[in-house]
Amino acid sequence: MPKPVVSEAARRRRRPTKNGVVLSEDLIVRTALRMLREHGSAGLTVRRLGIALGADPSTLYRYFAGIDDLTLAIGDMLIGRAMAGWHGTGDWRADLRELGLRIHAAYLEHPQAAVLTANRISGKSHEIAADEAILGLLRGAGFPDREAVRVYHAFIDMTLAFAALDAASLALPEQARRADEEMWQATYARLSPATHPNIAAVAPLLVADMNDSAYPTALDMLLTSAATGLRSHKAC
């Protein structure tokens, strides 16, 4: 049964570990991110994390209730990195677009972590701050509360879904990822107009476009739809 999690001050290790570092939640999460990048989710265990930090694995339970709690903290750190330095400009649509691109990019910097955390709800500080900022942009623009929540829901789910999708591709072994990317040229571009007239007609466009993320396009479509709805609401 997991040990109770106590405050940071009460559980902080005062003496350096074997690696000469003083443990903290931030250090543990950053080390876990590095391990995910190097070894994937299967390589993230309490034992391996303890070895990487030069600490007894049981010490980690003074900071996190378990690997799942650490996973939530990893997701929250990614959101925090996305929000770092962001300031609203007063243009709700431009601000929301920038936030979406920031969140998407922050997850793609750590593909293995993104696949592990994009579908989780941490309830931690950075996630809450991001949600507050997004809802503030929408309500401040004049969206009624019900519509603000509807747009927020679509925005954050789409952003995280694309982050998970694109990260999953980046997390593939390089040979498999390259084979996927080459499929548009190797297979789709060679289909006959006699049997596949629609694919053949747009094959060069598919080859040029399909290996790029569709997230910016989908985001712009969502924001255009939201802006149209807001204009209609104000007109009424």
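- In the nomenclature of an unreviewed UniProt entry, the protein is known as TetR family transcriptional regulator of Microbispora siamensis.

## Some words on the UniProt feature "domain: HTH tetR-type" (unreviewed entry) in the protein
Right, so step 1: Mapped onto this structure's residue numbering, the UniProt feature "domain: HTH tetR-type" (unreviewed entry) falls at residues 22–82.
Right, so step 2: In this annotation, residues 22–82 is assigned 64% helix and 0% strand; the end-to-end C-alpha distance for the span is 26 Å.

## Describing the nonpolar core
Right, so step 1: Counting residues in each nonpolar core, the largest one holds 59 residues, and the members touching the most others are Ile28, Ile74, Trp92, Tyr107, Leu138 and Phe143.
Right, so step 2: With 10 residues, helix α8 (residues 145–170) is the single largest residue contributor to this core.
Right, so step 3: Residue contributions to this core reach at least three from each of two domains, namely domain 1 (1–65) and domain 2 (87–235).

## Quick word on the packing of helix α4 (residues 67–83) against helix α7 (residues 125–141)
If you want to describe how two helices pack, look at the angle between their axes and the distance between the axes.
Right, so step 1: Direction vectors running N to C along α4 and α7 enclose 45°, while the axes themselves pass 7 Å from each other. Our classification of the angle between α4 and α7 gives oblique. Handedness of the α4/α7 crossing: left-handed. Here Asp76, Ile79, Gly80 and Met83 of α4 lie close against α7, whose contacting residues are Ser125, His126, Glu127, Ala129, Ala130 and Ala133.

## A closer look at the side chain of Ser122
Right, so step 1: Topologically, Ser122 is positioned in the loop between α6 (111–117) and α7.
Right, so step 2: A polar atom in the side chain of Ser122 sits 3.1 Å from the backbone nitrogen of Lys124.
Right, so step 3: Residues in contact with Ser122, not counting those within four places in the same chain, are Leu72, Asp76 and Glu127.

## So, helix α5 (residues 92–108)
Right, so step 1: Between its first and last C-alpha atoms α5 spans 24 Å; for 17 residues at 1.5 Å apiece the expected length is 24 Å, and the two agree.
Right, so step 2: Along its buried surface, α5 packs onto α4, α6, α7, α8 and α11 (215–235).

## Considering the pattern of salt bridges
Right, so step 1: Tallying each qualifying case throughout the model produces 10 salt bridges.
Right, so step 2: Asp26 is the partner of Arg30 in a salt bridge, and the nearest nitrogen-oxygen pair spans 2.7 Å. In this pair, Arg30 and Asp26 both sit in helix α2 (residues 25–39), four residues apart, roughly one turn of the helix.
Right, so step 3: Arg30 sits in the partly exposed class, given a relative accessible area of 40%.

## A short note on the UniProt feature "DNA-binding region" (unreviewed entry) in the protein
Right, so step 1: Sequence positions flagged by UniProt for "DNA-binding region" (unreviewed entry) are, in local numbering, residues 45–64.
Right, so step 2: Structurally, residues 45–64 comprises 40% helix and 0% strand, and the distance from its first C-alpha atom to its last is 13 Å.

## Structural notes on the domain arrangement of the protein
It is common to report an interface's size as the accessible area lost on association of the parts.
Right, so step 1: Taken as a whole, the protein is organised into domain 1 (1–65) and domain 2 (87–235).
Right, so step 2: Centre-to-centre, using C-alpha coordinates, domain 1 lies 33 Å away from domain 2.
Right, so step 3: With both sides pooled, the region where domain 1 packs onto domain 2 buries about 510 Å², and carbon together with sulfur makes up 65% of that total.
Right, so step 4: Considering only the surface of domain 1 that becomes buried against domain 2, Leu33, Leu36 and Arg37 emerge as the three largest contributors, covering 79% of it.
Right, so step 5: Taken together, domain 1 and domain 2 are joined by zero salt bridges.
Right, so step 6: Counting across the interface, domain 1 meets domain 2 through one residue pair in polar contact (both at pLDDT 80 or more).
Right, so step 7: Here the residues of the side of domain 1 that touches domain 2 are counted per class, giving two nonpolar, two polar and one charged.

## What to know about the packing of aromatic side chains
Right, so step 1: One pass over the structure, following the stated rule, counts three aromatic pairs.
Right, so step 2: Ring geometry for Trp92 versus Phe143: centroids 5.1 Å apart, planes at 85°, classification edge-to-face. Of this pair, Trp92 sits in helix α5 while Phe143 sits in the loop between α7 and α8, placing them 51 residues apart in sequence.
Right, so step 3: We classify Phe143 as buried; its relative accessible area is 4%.
Right, so step 4: Judged by centre distance (5.7 Å) and plane angle (55°), the rings of Phe162 and Tyr215 are tilted. Here Tyr215 lies in helix α11 and Phe162 lies in helix α8, a separation of 53 residues in the sequence.

Rules of the game
- Residues numbered from 1 in each chain as written.
- Predicted model: local features only at pLDDT ≥ 70, side-chain atom pairs only at ≥ 80, totals over all residues.
- Heavy atoms only, no water.
- UniProt positions renumbered as here; feature names shortened; annotations may be inferred.
- Helix = DSSP H or I, 4+ residues; strand = E, 2+ residues; numbered from the N terminus.
- Core = buried A, V, L, I, M, F, W, Y, C linked by side-chain atoms within 4.5 Å.
- Buried < 20%, exposed > 50% of the residue type's maximum accessible area, 1.4 Å probe, protein only.
- Domains from an automatic or database assignment.
- Axes fitted to C-alpha atoms, helices over the stretch in contact; angles between N-to-C directions.
- Parallel < 35°, antiparallel > 145°, perpendicular 65-115°, else oblique.
- Left-handed = near helix turned anticlockwise from the far one by under 90°.
- Contact = heavy atoms within 4.5 Å.
- Polar contact = N/O pair within 3.5 Å; in protein donor to acceptor, adjacent residues only side chain to side chain.
- Expected span 1.5 Å × (residues − 1).
- Salt bridge = Lys/Arg side-chain N within 4 Å of Asp/Glu carboxyl O.
- Buried area = accessible area lost by both parts, 1.4 Å probe.
- Nonpolar A, V, L, I, M, F, W, Y, C, P; charged D, E, K, R; others polar.
- Phe/Tyr/Trp six-rings, centres within 6.5 Å; stacked < 30°, edge-to-face > 60°.

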